[in-house]
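The primary structure of each chain is shown beneath.
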Amino acid sequence: MALRDRFRRLVQKPGTVDLAPSKAVVAEAATREERLRELSDAELTTAAAALRPAPAAATLSAGKAGTSGSPAGELDLAELCAVGREAARRALGERPFDVQLLGTLGMLSGHIVEMATGEGKTLAGALAAAGHALRGRRVHVMSVNDYLARRDAEWMGPLYELLGVSVGWVGQSSTPEERRKAYAADVTYAPVSEVGFDLLRDRLATAPDEPVLPEPEVVLIDEADSVLVDEAMVPLVLAGASEHDPADPVYADLVRRLRPGQHYATDEEGRNVQLTSAGARTVERELGGIDLYSSDNTDTLVAVNVALHAQVLLQRDVDYIVRDGAVKLISSSRGRVALLQRWPDGLQAAVEAKEALETSASGEILDSITVQELIGRYPVRCGMTGTALAVAGQLREFYGLEIAVIPPNRPCVRVDEPDRLYATSTDKEVAIVEEIAAAHATGRPVLVGTLDVAESERLARRLERAGLSCVVLNAKNDAEEAAIIAEAGAASTITVSTQMAGRGTDIRLGGTSAADAERVVELGGLLVIGTGRYHSSRLDDQLRGRAGRQGDPGGSVFFTSLEDDLVTQYAPDEEVNATPASDGRLKDKNADWTVGHAQRVAEGVEVEIHRNTWRYNQLIGLQRREVLAERGQLLRGDHAGRLMAERRADHHAELVGIAGEEAVAEAARQVALFHLDRCWTEHLAYLADLREGIHLRSLGRGLDPLVEFNREAVPAGKKLLGQAVERAIDTFTTLTATPDGIDLTAAGLQRPSATWTYLVHDNPFGGLDERALRGLINMFRRNSRRT
């Protein structure tokens, strides 16, 4: 085994970080444990404080940090592990296992550590965050939601206090002052979206003391694969109120009456829909005999197409739910409500019109940032998850991060059965109910992972008809998910859950009270049932990992069918000639291969789309950094005032004579900031329109879309700063001073009356041109066959 691991490291195989040095550190820490147990709490805090470097050394150490972390530096890692272990024992009643300390050391080395479910990642991460803080660096621990951020900050609070490290947390409801205080702590827990939104708001600050975020230093990412891969392509947006018209319900009513096949057709992947000739004639007649494709009716054509997309391609209880009178999007990777997430305004409004709901506020994008770019701001990056190895290539390519696979404290004894494949989805669901009934009859707890909300409710109805009571956890009641999932290991419990709802919550055999735990062990532990393969094998592994924690017994099995969306979308041309048994089950190697083939194709397409998004955002990120550098000079210096004094000396002197030097400098700053922000907003809109249409133009000529995008976007970006300066100078010339000051509103410097933040759901029809997407799928189908 050791020889094989050395060979894998030699060829730079992902997940082969050498743990030998860290194991030696952990062994050394064990020799110091007895000495530390004799210390008082105050003496233990003093021992932790002694680990902090002198201010000059801390600055030097931080300066040496690489893009994904730095070597151990001057910190005594063995002493840190020993002090941290003793502090955890006293503050939390938990003595970290050796493998938890290995995870801590992996994160202190700037790696993503893979630790199995139930192995104590939260404590390992807290010790790593404390270690980075004791090095003199401010740490942001990013999670996927408010609940985990607050829970972990409060849970680990006594540990941090004993180590002399301050801790805070940020949530959606935090006020600006609460955020500023939380970010001032040594360690701050926050959802990744909230950190991104705070960054966007800070970028529109008009006074030096307004920003709440400090300079980025260390980010430690919980559920790292979810944040860095699943959410990486989702832009976080700051929007401002505008005068855009809401969707006209006439279009929603019109497309609702169109018939599939006759009036419109969808492609085989279900990602695009278009009017047929008959459909176009029907629409034209219903709208008063217009020519839908004339240049005068471009807006109408767009509105009809968006309404058609909303009606046909977006399914209620699959892509979104309606709750509290509003459309709530569902995360495809987690099966839960995607908080604050929405589609681009036109599509969002179309779905609201489809559901006869009041249209939510629309606006123009003032600024945006992808999760990928947000994480990339931090000089030191690390994190933890239960399933990192499957995306090791992406973490290396896009973030420069390597994986340290931490062995479990106890060997995993979970029994993972081969998939059970059925000819039809109906046969599959019948078999799932029978399997649940058989397990339930013995008292064995069952956790069922479904693919979407609609399936979870459909399965619940089947179980009810079979006389089986279950708890349904899906996007409609996610507020209670942690409490529900925590009881999933109780005897005779049936829990039906969409994907990874409740992720981050331990499932203990016997439930939280551990009642009947021994009986559940004798029954084989928690049984996890998957109702179909996900688009990524990593998500399958996450579901499996809910059973078999800390050496517990457990089992898992996936039920699939040839009618599953995964197969019909990514392997529609594969023929299966096997004859199913009387219950519809297929026991055929070629049929099994088809399901695996479809999943490999889906994974390949997702990576390529991620890579494509990353390439586009590289250029936008460079342009954004240039704009922000200029904005920083305007916000914190006298750059604007000097510029106006040079370019408009007479007017500058006149204003100074009435309103004073300080007031004129402030007015110049506000004018320059306004026009720089305005030019950036307009540039973002231009880039969005450019990317939207670039594929059709370039592919028609056989050109590379990315090259064509850069060819037009680069010159536009170079003009931006100059345009902002000229506009600012023109406005400055119109300013008038009175004894009451300088009236900026009269000069047209009117910022949006309201701003709000949200996440833009990646275009559900594909960010690439549809022909390119189909080409991608076909390419990965061929590659999958060869392998």
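The structure this text deals with has already been given above.
The structure reproduced in this document is the subject of the present report. (Residues numbered from 1 in each chain as written. Predicted model: local features only at pLDDT ≥ 70, side-chain atom pairs only at ≥ 80, totals over all residues. Heavy atoms only, no water.)

Quick notes on helix 14 (residues 249–256)
All of the buried residues in helix 14 are Tyr-251, Ala-252, Leu-254 and Val-255. Along helix 14, the residues classed as buried sweep out an arc of 165° about the axis, all on the same side. (Buried < 20%, exposed > 50% of the residue type's maximum accessible area, 1.4 Å probe, protein only. Helix = DSSP H or I, 4+ residues; strand = E, 2+ residues; numbered from the N terminus. Arc of directions from axis to C-beta.)

Some words on the packing of aromatic side chains
Applying the stated rule across the entire model yields four aromatic pairs. An angle of 15° between the planes, with centres 6.2 Å apart, marks the rings of Tyr-422 and Phe-559 as stacked. Taken together, the residues Tyr-422 in strand 16 (residues 420–422) and Phe-559 in strand 21 (residues 554–561) connect sequence positions 137 residues apart. The burial state of Tyr-422 is the same as that of Phe-559; both residues are buried. Plain terms: the ring middles of Tyr-616 and Phe-709 are 4.8 Å apart, the flat faces sit at 75° to each other, and that makes the pair edge-to-face. Placement of the pair is Tyr-616 in helix 26 (residues 589–636) and Phe-709 in helix 30 (residues 705–734), with a sequence separation of 93 residues. (Phe/Tyr/Trp six-rings, centres within 6.5 Å; stacked < 30°, edge-to-face > 60°.)

Looking at empty space enclosed by the protein
Summed over the entire model, instances satisfying the criterion amount to eight cavities of 30 Å³ or more. The volume enclosed by the second largest cavity comes to roughly 90 Å³. Around the second largest cavity sit Glu-630, Leu-634, His-639, Leu-643, Ala-672, Leu-676, Leu-721, Ala-724, Val-725 and Ala-728, which together line it. Contributions of two or more residues to the lining of the second largest cavity are made by helix 26, helix 27 (639–647), helix 29 (661–700) and helix 30. Considering each element in turn, the lining of the second largest cavity owes the most residues, four residues, to helix 30. Of the residues belonging to the lining of the second largest cavity, the class tally is eight nonpolar, one polar and one charged. (1 Å grid on protein atoms, 1.4 Å probe; cavity = no way out; pocket = protein on both sides within 12 Å on 5 of 7 lines; lining within 4 Å. Points joined across faces, edges and corners; volume = space filled by probe spheres on them. Nonpolar A, V, L, I, M, F, W, Y, C, P; charged D, E, K, R; others polar.)

Remarks on the environment of Arg-751
Its place among the elements puts Arg-751 in the loop between strand 24 (741–742) and strand 25 (755–760). For Arg-751, a relative accessible area of 27% corresponds to the partly exposed category. The sequence separation of Arg-751 and Phe-674 amounts to 77 residues, and the corresponding C-alpha distance is 7.8 Å. Not counting residues within four places of it along the chain, the set of residues in contact with Arg-751 comprises Leu-204, Thr-206, Arg-631, Leu-673, Phe-674 and Asp-677. A polar side-chain atom of Arg-751 sits 3.0 Å from a polar atom in the side chain of Asp-677. (Contact = heavy atoms within 4.5 Å. Polar contact = N/O pair within 3.5 Å; in protein donor to acceptor, adjacent residues only side chain to side chain.)

A word on unusual backbone geometry
Unlike most non-glycine residues, Glu-223 shows phi in positive territory, near 50°. You can call Glu-223 buried: its relative accessible area is 6%. One non-glycine residue, Asp-324, lies in positive phi territory at about 55°.

Some points on the nonpolar core
Membership of the largest hydrophobic core comes to 55 residues, with the highest contact counts inside it found for Leu-159, Tyr-160, Val-187, Tyr-189 and Leu-220. Each residue touching Val-187, except ones within four places of it in the same chain, is listed here: Ala-129, Ala-133, Val-139, Val-141, Tyr-160, Val-165, Ser-166, Val-167 and Gly-168. Counting 41 residues, the second largest nonpolar core, distinct from the first, contains Ala-190, Val-212, Leu-236 and Tyr-378. (Core = buried A, V, L, I, M, F, W, Y, C linked by side-chain atoms within 4.5 Å.)

Comments concerning the environment of Gly-717
Position of Gly-717 among the secondary structure elements: in helix 30. Between the alpha carbons of Gly-717 and Leu-684 there is a distance of 10.0 Å; along the sequence they are 33 residues apart.

Regarding helix 2 (residues 20–31)
Here helix 2 contains twelve residues, and its C-alpha end-to-end distance of 17 Å stays within 8% of the 16 Å for a straight helix at 1.5 Å per residue. Buried within helix 2 are the following residues: Ser-22, Val-25, Val-26 and Ala-29. Summarising the axial view, the buried residues of helix 2 lie within an arc of 100°, below the 170-degree limit, and thus occupy one face. Relative to its buried face, helix 2 has exposed residues pointing more than 90 degrees away, namely Pro-21 and Thr-31. On the buried face of helix 2, the contacting elements are helix 3 (33–37), helix 6 (77–92) and helix 7 (98–108). (Expected span 1.5 Å × (residues − 1).)

Re the side chain of Gln-542
Residue placement: Gln-542 occurs in helix 24 (residues 537–544). Under the relative-accessibility criterion, Gln-542 is labelled buried at 4%. There is a polar contact of 2.7 Å between the side chain of Gln-542 and the side chain of Asp-225.

Looking at the packing of helix 2 against helix 6
Following both chains from N to C, one finds helix 2 and helix 6 inclined at 55°, their axes separated by 8 Å at the closest point. Relative to helix 6, helix 2 is oriented oblique. Two packed elements cross with a definite hand, and for helix 2 against helix 6 that hand is right-handed. From helix 2, Val-25, Glu-28, Ala-29 and Ala-30 reach across to helix 6, where they touch Leu-77, Ala-78, Cys-81, Ala-82 and Arg-85. Considered class by class, the residues forming the contact of helix 2 with helix 6 number seven nonpolar, no polar and two charged. (Axes fitted to C-alpha atoms, helices over the stretch in contact; angles between N-to-C directions. Parallel < 35°, antiparallel > 145°, perpendicular 65-115°, else oblique. Left-handed = near helix turned anticlockwise from the far one by under 90°.)

Let's talk about the pattern of salt bridges
All told, the structure shown has 54 salt bridges when counted by the stated rule. As a salt-bridge pair, Glu-79 and Arg-32 come within 3.0 Å of each other at their nearest N and O atoms. Separated by 47 residues along the polypeptide, Glu-79 in helix 6 and Arg-32 in the loop between helix 2 and helix 3 bring together distant segments of the chain. For Arg-32, a relative accessible area of 17% corresponds to the buried category. Residue Glu-33 is joined to Arg-85 by a salt bridge in which the shortest nitrogen-to-oxygen separation is 3.7 Å. With Glu-33 in helix 3 and Arg-85 in helix 6, the pair connects residues that are 52 residues apart, well separated along the chain. Each member of the pair Glu-33 and Arg-85 is classed as buried. If you follow the salt bridges from partner to partner, you end up with Glu-33, Arg-37, Asp-41, Arg-85, Glu-86, Arg-89, Arg-90, Arg-95 and Asp-98 in one network. (Salt bridge = Lys/Arg side-chain N within 4 Å of Asp/Glu carboxyl O.)

As for the side chain of Thr-560
Inspection of the secondary structure puts Thr-560 in strand 21. Among all residues touching Thr-560, those that are not within four sequence positions of it are Asp-419, Arg-420, Leu-421, Tyr-422, Lys-428, Gly-532, Arg-533 and Val-595.

Details of the pairing of strand 17 (residues 446–450)
The buried fraction of strand 17 amounts to five of the five residues, a majority that puts the element mostly inside the structure. Of the two faces of strand 17, both are covered, the one formed by Val-446, Val-448 and Thr-450 as well as the one formed by Leu-447 and Gly-449. Across five bridges, strand 17 lies against strand 19 (residues 494–498) in parallel orientation. Paired with Val-446 across the two strands is Ile-494, which belongs to strand 19. Of the pairings in the sheet, the one linking strand 17 to strand 20 (residues 526–530) comprises four bridges and is parallel in character. In the sheet register, Gly-449 faces strand 20, and the bridge partner there is Gly-530. (Pairing = 2+ DSSP bridges.)

Quick notes on the pairing of strand 13 (residues 380–385)
Burial of strand 13 is extensive: six of the six residues sit out of reach of the surface. Alternating positions in strand 13 separate into two faces, Val-380, Cys-382 and Met-384 on one and Arg-381, Gly-383 and Thr-385 on the other, with burial throughout. Looking at chain direction, strand 1 (residues 112–114) and strand 13 are connected through three bridges and run parallel. When the bridges of strand 13 are listed, Glu-114 appears paired with Thr-385. Pairing of strand 5 (residues 218–222) with strand 13, which is carried by five bridges, proceeds in the parallel orientation. Along strand 13, the bridge assignment pairs Val-218 with Val-380.

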